[in-house]
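Reading the structure
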Amino acid sequence: MKRFAFATVSTLAVVAGSSVLAGPQAEVLHWWTSGGEAKSVAVLQEEFASNGGTWTDMPVAGGGGDAAMTALRARVLSGNAPTAVQLKGPAIQEWYEEGVLADISSVAEAEGWADVLPASIAGHMMCEGAWCAAPVNVHRVDWIWANADILAANGIEMPTTWDEFNAAAVKLMDAGVIPLAHGGQSWQDATVFEAVLLGIGGPEFYQKALVDLDPEALTSDTMVQVFDQMRLMRGYVDENFSGRDWNLATAMVMNGEAAFQIMGDWAKGEFLAAGKTPSEDFLCASTPGDGYLYNVDSFAMFDVDGEDKKAGQDLLAKLIVAPNFQKVFNLNKGSIPARTDVALDDFDICANLSAEEMGSTSAAGSLLPSYAHGMALRGSQSGAITDVVTAHFNSDMSSADAVQQLADAVANSY
Ligand code: GAL
């Protein structure tokens with residue numbers, strides 16, 4: 001009897017166009033499952049709940065999101081898309097072209113997103129003139145993290161050139177310390193590769209090779225040098241690197257088992273979640289060379305039925321870009337706010353460095369999208385490059401062969 005009465009009232013509410021009774025609902029697919037990531041996404045869950053929303057969590061473990069994207073495809077193909085999905089870069093436009101994304105322009109316009117987001121970030125959130133995603137943050141990818149005590153004990157400064165990095169690595173190996181904490185998963189190999197490529201080739205070369213896919217850049221001597229450095233990097237990792245999750249590699253630096261990690265600033269979220277302090281316990285610096293590789297996390301809303309779900313999408317989109325969430329989430333996540341009007345006074349030295357260099361590289365034309373984190377290329381193309389990078393890293397393939405395979409793989413990926 002009670003049940004029947006409730007169903008009737010809620011049906012009436014939906015008919016009347018109100019979702020007050022059921023409340024905003026959201027099933028959210030994301031891949032934030034490590035310590036720092038889980039702490040960060042909890043901020044959104046709490047804000048959503050305190051605004052009357054009901055959150056159904058759909059976490060899919062796996063750094064970089066490859067597993068999450070496989071799960072997403074299965075859900076969409078079975079006609080049962082989640083309400084909101086962690087999605088970024090050109091994948092947003094690819095899904096939009098499949099006709100399955102919701103238009104969230106009404107929220108974006110009401111909240112004035114165009115006035116508070118840098119144009120470069122806003123561009124990633126637009127699909128054929130409509131807003132189709134909400135940005136959460138700006139992660140920088142080209143970072144090097146270090147255990148402060150290990151560097152001090154071995155008389156090593158943060159490297160500013162790749163030669164310095166190599167010299168430090170040799171010194172560490174001689175002292176019996178693992179120079180580089182790394183997890184042998186293809187997206188982590190790609191993360192190191194793009195930092196090395198930016199450092200050795202410079203921003204213009206990065207743009208040509210990994211954004212424009214210019215065949216000349218892909219087959220150049222510079223690219224040979226990039227693979228030469230990758231071969232050296234392979235020698236700096238421990239024997240058990242294969243398949244290791246990125247946060248376990250971060251833990252190796254934290255615990256003094258390894259000196260360095262090359263990873264985006266979600267690694268800082270791990271250090272912070274473990275109670276570590278920048279400049280004291282761990283050090284941050286951009287990887288050797290110029291430029292800045294950005295990785296903007298965002299959420300896209302999928303086309304779903306039901307006023308309660310649509311209300312959930314609107315609420316989520318609004319909260320994500322609102323100043324309070326942008327501050328608290330990013331303090332935990334290691335990234336910086338996507339909005340330009342959030343004060344960074346409470347942010348640490350690494351975040352302030354990121355914001356400063358995002359500004360200076362933007363002015364210099366060297367603010368570049370991360371290929372490894374899905375910001376630069378469509379999936380088939382970035383996948384083709386990563387396959388070669390990983391195959392090279394895990395074999396004794398020569399640099400010349402890697403360059404040839406890279407050019408072939410890219411040519412076949414269109
Ligand atoms: C990135 C994502 C980050 C972080 C990382 C490791 O692609 O943008 O937010 O989660 O993967 O999972």
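Rules used throughout
- Residues numbered from 1 in each chain as written.
- Predicted model: local features only at pLDDT ≥ 70, side-chain atom pairs only at ≥ 80, totals over all residues.
- Heavy atoms only, no water.
- Near = heavy atom within 4 Å.
- Polar contact = N/O pair within 3.5 Å; in protein donor to acceptor, adjacent residues only side chain to side chain.
- Areas by Shrake-Rupley, 256 points an atom, 1.4 Å probe, with all protein chains shown as cover.
- Phe/Tyr/Trp six-rings, centres within 6.5 Å; stacked < 30°, edge-to-face > 60°.
- Helix = DSSP H or I, 4+ residues; strand = E, 2+ residues; numbered from the N terminus.
- Buried < 20%, exposed > 50% of the residue type's maximum accessible area, 1.4 Å probe, protein only.
- Lys NZ or Arg CZ within 6 Å of the ring centre and 35° of its normal.
- Disulfide = S-S within 2.5 Å.
- Arc of directions from axis to C-beta.
- Contact = heavy atoms within 4.5 Å.
- Domains from an automatic or database assignment.
- Buried area = accessible area lost by both parts, 1.4 Å probe.

Near the ligand, the surroundings consist of 13 residues, among which Glu37, Lys88, Asn295, Asp297 and Lys333 are the closest. Between the ligand and the protein, one listed contact pairs an oxygen atom with a side-chain N or O atom of Glu37 at 2.5 Å. His373 is positioned with one of its side-chain polar atoms (N or O) 2.9 Å from an oxygen atom of the ligand. For the ligand, whose unbound accessible area comes to 310 Å², protein coverage reaches 100%.

Attention now moves to the packing of aromatic side chains. Scanning the model with the defined rule gives 15 aromatic pairs in all. Taking the centre distance of 5.3 Å and the plane angle of 50° together, the rings of Trp32 and Phe329 count as tilted. With a gap of 297 residues between them, Trp32 in the loop between strand E1 (25-30) and helix H2 (35-50) and Phe329 in helix H17 (residues 323-333) connect regions that are remote in the sequence. Accessibility classification places Trp32 together with Phe329 in one group, the buried group. The ring of Trp143 carries the charged tip of Arg140 above its face, separated from the ring centre by 5.5 Å.

Turning our attention to the state of the cysteines. Within the structure shown, the criterion is met by two disulfides. The partner cysteine of Cys127 in its disulfide is Cys132, sulfur to sulfur 2.0 Å. Taking the torsion about the sulfur-sulfur bond, which here is approximately 75°, the covalent link between Cys127 and Cys132 counts as right-handed. For Cys132, a relative accessible area of 0% corresponds to the buried category. Between Cys284 and Cys350 runs a disulfide, and the two sulfur atoms are separated by 2.3 Å. The sign of the -100° torsion about the S-S bond sets the Cys284-Cys350 disulfide as left-handed.

Another aspect to go through is H17. Listing the buried residues of H17 in full gives Phe325, Gln326, Phe329, Asn330, Asn332 and Lys333. Across the axial projection of H17, the buried residues extend over an arc of 155°, all falling on one side. Buried residues along H17 sit against H2, strand E6 (134-135), strand E7 (137-140), helix H15 (266-273), helix H16 (307-321) and strand E14 (336-337).

Parsing the chain into structural domains produces domain 1 (4-139 + 295-349) and domain 2 (140-294 + 352-411). Once you take the C-alpha centre of each, domain 1 and domain 2 turn out to be 29 Å apart. Listed per partner, the contact involves 30 residues of domain 1 and 31 residues of domain 2. Taken together, the two surfaces of domain 1 and domain 2 that pack against each other cover about 2,500 Å², and 54% of this comes from carbon and sulfur. A per-residue breakdown of the area domain 1 buries against domain 2 is headed by Asn295, Asp348 and Ile349, which together make up 23% of the total.

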